[in-house]
Structure formats: structure tokens, C-alpha cells
Amino acid sequence: MKNAKRILLVAVAVLFVAATTLVLVGAATTSHPHQRSTLGAARPSADLLALLSEPGPVELESIASADWAVDRGGLVNLGHPTAKSAGLVDGDEPIQVFFHALRHPTKGLYIVDTGVEDALRDAPEQAALRGLLADAMKVKEKMQVKEPLGAWLAKQPGPLSGVFLTHLHLDHLTGMADVPAGTPVYAGPGETTTRAFLNVLTQSIADRALSGKAAVSEWTYTPDTDGPFDGAVDIFGDGSVWALWVPGHTPGSTAYLVRSTKGPVLLVGDASHTRWGWEHDVEPGTFTADAARGRQSFQKLRAFAQAHPEVAVRLGHQH
């Protein structure tokens, strides 16, 4: 009897320590493996600027995979003086979940972010994003699937060569289950390993979405103190597509500059979610992990766009 009580006390103590650790340390974004990327090379941002006026080789298409609505306070800093003077208050903000198709003449088809998967429309109970968290995110109630990634990929003439992620939040991973097994996946440094308490709830979903995919390859940025961004990677070595380090929303948040056949396009990801926030110089709200650094990256992106008006800007959830 004493041994049974001792075992019970030990078990309770272990559970208490485990729960305390989760609260204090949290969990990683995903347990999926990661590695250093061998694709692309860090280059000074000045090399990118020198190419902006030249025609690009990449065909770019942005696809609205789903319509949704989420809390405005997460998307826009409602405490900002401009937001206050405009009378912005929290409530549902209509957004879209995008993925972007990049067709390179020699490298093939790549996508930036993943939209939503077929199962989210056809069999929600089997989707990677399901259960209590999907209910909390009001997926069934407020999301309308328009063009799931799997259905879109089935119509393409060639295979998918890889996935470039702006970051690993679930609304950018929700289509990953439709990505063919073994497909290379790329993201910014620290995206898979950053620990937070929220990840205790979301890690299993990220793991399901990434299941069967290659290890996440992290861009190897080099600090670019004289450039407009924290770092830049020339992905294909020909100056056609650039990964730009814009940390803050998440540690490895990455924007992509695409020199498309119709001119340069900046895919900012969730460094700025909304059109109103971008146009009124109001950074994102509570969905951003590091508000101060996020504000810095937001300002760098806006300064770059203002200095180069020939660059078209596509925001994280509103175009």
C-alpha cells in the first residue's frame, strides 16, 4: 500500500513538473525535422536592387484558396494612434488564405505558402486542421473554401518542385497535406524550433500537415547591415526570386521578391496582413510574437516599397 502511494506521488510530481515546463518553456512549432538549406546563396540586398529594373523570367499567379474572417485586433495594432483616430475596434475582419504559384522557366513550379487542403472542404474530420482548435479558429463557421491546393495541383501540367513558406503559422500550412510526399520545403531560420506555450496546442496540427514531407530547409541568411532587410537569399542564383528576412511576426518570417514577367512583386507574408494596415502605416496586432521587431520589419518593407514604386505589393491576407 505504501509503495502504491509512493508511486502515485511520484507520478503526480512528474506530471506537475511536465505541466510546469510546458507553461514556462512551451513546445516547438513542430517536431518535424529541419536542416540548413543548400538551395540559394546569401547576397547583399544591393544586388537585388540592381536587378529591379530588368524584366524577370518568372510567371507569378496568386490564388485565393479560401475566404475567412478573424479578429481584427490580431491583424492590426488597434492601440496605434492612427487606428484609434480612425475608430477601428475589434471584430471580424474579412481575409483570404492565399498561395502563390511561381513558374520558373528552368527550375519548375514552386509555391509560396499552401492555401488550404482538399480535405478541409471535402472531409473536414480528416483534415490536418481539425478538432477543438479548428472549432476555436471557427473554421467551419467562418471559412469558405474556394480553391484547395490539391485540386489546383491536379490541373497543373508538371510536378511541384518545392514549397517556400513565409512562416509556419497554421493558416499558412493548411494546404501542406496536399503537397506530394518528399517535396522540398523551405522556411526562415528558427521557424520549426521556436518554443511557445501556444505550440502545445498547435504542434500536432503542424506535424500532421508536414507529415511525409522532406525536412524543412532553413534559409541561410547573412546579416546585411547596409541593406533594406535583415538578410537576403538569391534562391535560384539568377536573381529571379529572393527570400528576404523580415523577423518579428515569427523569428524566421520571410518575404519573397519575385521578378515576374509582369514586373517585380513583393510577397510580404504576415509582416503585414491587411490593406488598411499597410496603407495607413499601422503594423499587425496581437498575432505577432515580437511586436517591436515586427514593427521594424514592417517599416523596412514599406520603405522599400515607397522607394521602388515599380514593385507591386501583395499582403499576407488581403490584396
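See the structure printed just above.
Conventions used here
Residues numbered from 1 in each chain as written. Predicted model: local features only at pLDDT ≥ 70, side-chain atom pairs only at ≥ 80, totals over all residues. Heavy atoms only, no water. Helix = DSSP H or I, 4+ residues; strand = E, 2+ residues; numbered from the N terminus. Contact = heavy atoms within 4.5 Å. Polar contact = N/O pair within 3.5 Å; in protein donor to acceptor, adjacent residues only side chain to side chain. Buried < 20%, exposed > 50% of the residue type's maximum accessible area, 1.4 Å probe, protein only. Pairing = 2+ DSSP bridges. 1 Å grid on protein atoms, 1.4 Å probe; cavity = no way out; pocket = protein on both sides within 12 Å on 5 of 7 lines; lining within 4 Å. Points joined across faces, edges and corners; volume = space filled by probe spheres on them. Nonpolar A, V, L, I, M, F, W, Y, C, P; charged D, E, K, R; others polar. Core = buried A, V, L, I, M, F, W, Y, C linked by side-chain atoms within 4.5 Å. Phe/Tyr/Trp six-rings, centres within 6.5 Å; stacked < 30°, edge-to-face > 60°. Lys NZ or Arg CZ within 6 Å of the ring centre and 35° of its normal.

## Observations concerning the environment of L160
Thought 1: Mapping L160 onto the fold places it in strand β8 (residues 160–164).
Thought 2: With 52 residues separating them in the primary sequence, L160 and G108 have C-alpha atoms 7.4 Å apart.
Thought 3: Not counting the four nearest positions on each side in its chain, L160 is found in contact with L109, Y110, I111, L153, V179, P180 and T183.

## What about the side chain of H249?
Thought 1: Position of H249 among the secondary structure elements: in the loop between β13 (241–245) and β14 (254–260).
Thought 2: A polar contact of 3.4 Å, which involves the side chain of H249, links it to the side chain of H167.
Thought 3: Every residue in contact with H249, bar those within four places of it in the chain, is listed here: H167, H169, D270, H273, F287, T288, A289 and G294.

## Some words on the pairing of strand β15 (residues 263–267)
On any regular strand, side chains alternate: one points to one face of the sheet, the next to the other face.
Thought 1: Of all the five residues making up β15, four are buried; the element is thus mostly covered by neighbouring parts of the structure.
Thought 2: Note: β14 against β15, five bridges, orientation antiparallel. The residue of β15 that forms the bridge with V258 is V265.
Thought 3: Between β14 and β15, which follow one another and run antiparallel, lie two residues.

## Considering the sheet that holds strand β16 (residues 312–314)
Thought 1: One open sheet holds the six strands; their spatial order is β3-β12-β13-β14-β15-β16, and the pairing between them is mixed. Looking at which strands have only one partner, the edges of the open sheet turn out to be β3 (41–42) and β16.
Thought 2: In this sheet, strand β12 (residues 232–234) lies alongside β3 in antiparallel orientation, the contact comprising two bridges. Across the sheet, residue A41 finds its bridge partner in β12, namely D234.

## A few points about empty space enclosed by the protein
Thought 1: A full pass over the atoms with the stated rule returns three cavities of 30 Å³ or more.
Thought 2: Considering only enclosed or pocket space, the largest cavity measures out at about 50 Å³ in volume.
Thought 3: Forming the walls of the largest cavity are F98, H100, V112, D113, T166, H172, L267, V268, G269, R314, L315 and G316.
Thought 4: The class makeup of the residues in the lining of the largest cavity is five nonpolar, five polar and two charged.

## Details of the sheet that holds strand β5 (residues 92–104)
Thought 1: Across the sheet, eight strands lie side by side as β2-β11-β9-β8-β6-β5-β4-β7; this open sheet has mixed pairing. Of all strands in the sheet, those with a lone pairing partner are β2 (34–36) and β7 (144–145), marking the two edges.
Thought 2: As defined by bridge partners, strand β4 (residues 59–71) adjoins β7 across two bridges and the pair is classed as antiparallel. Pairing of A66 across the sheet is with V145, part of β7.

## Side note on the nonpolar core
In summary, soluble globular proteins display a tendency toward joint burial of nonpolar side chains.
Thought 1: Counting residues in hydrophobic clusters, the biggest one holds 42 residues, and the most contacted among them are M143, W152, V163, L165, L173 and M176.
Thought 2: Judged by nonpolar contacts, the second largest core, of 21 residues, contains L51, L52, L266 and V313.

## Looking at the packing of aromatic side chains
Thought 1: Scanning the model with the defined rule gives 11 aromatic pairs in all.
Thought 2: Taken together, a centroid distance of 6.2 Å and an interplanar angle of 50 degrees make the contact between F164 and F236 tilted. Placement of the pair is F164 in strand β8 and F236 in the loop between β12 and β13, with a sequence separation of 72 residues.
Thought 3: Judged by its relative accessible area of 0%, F164 is buried.
Thought 4: Residue classification places F236 among the buried residues on the basis of a relative accessible area of 12%.
Thought 5: Among the aromatic residues, ring-to-ring pairing joins Y110, F164, Y186, W219, F236 and Y256 into one connected group.
Thought 6: The lysine or arginine in question, R293, covers the ring of W245, its NZ or CZ lying 5.6 Å from the ring centre.
Thought 7: Here R302 stacks its cationic end above the ring of W278, 5.9 Å away from the centre of that ring.

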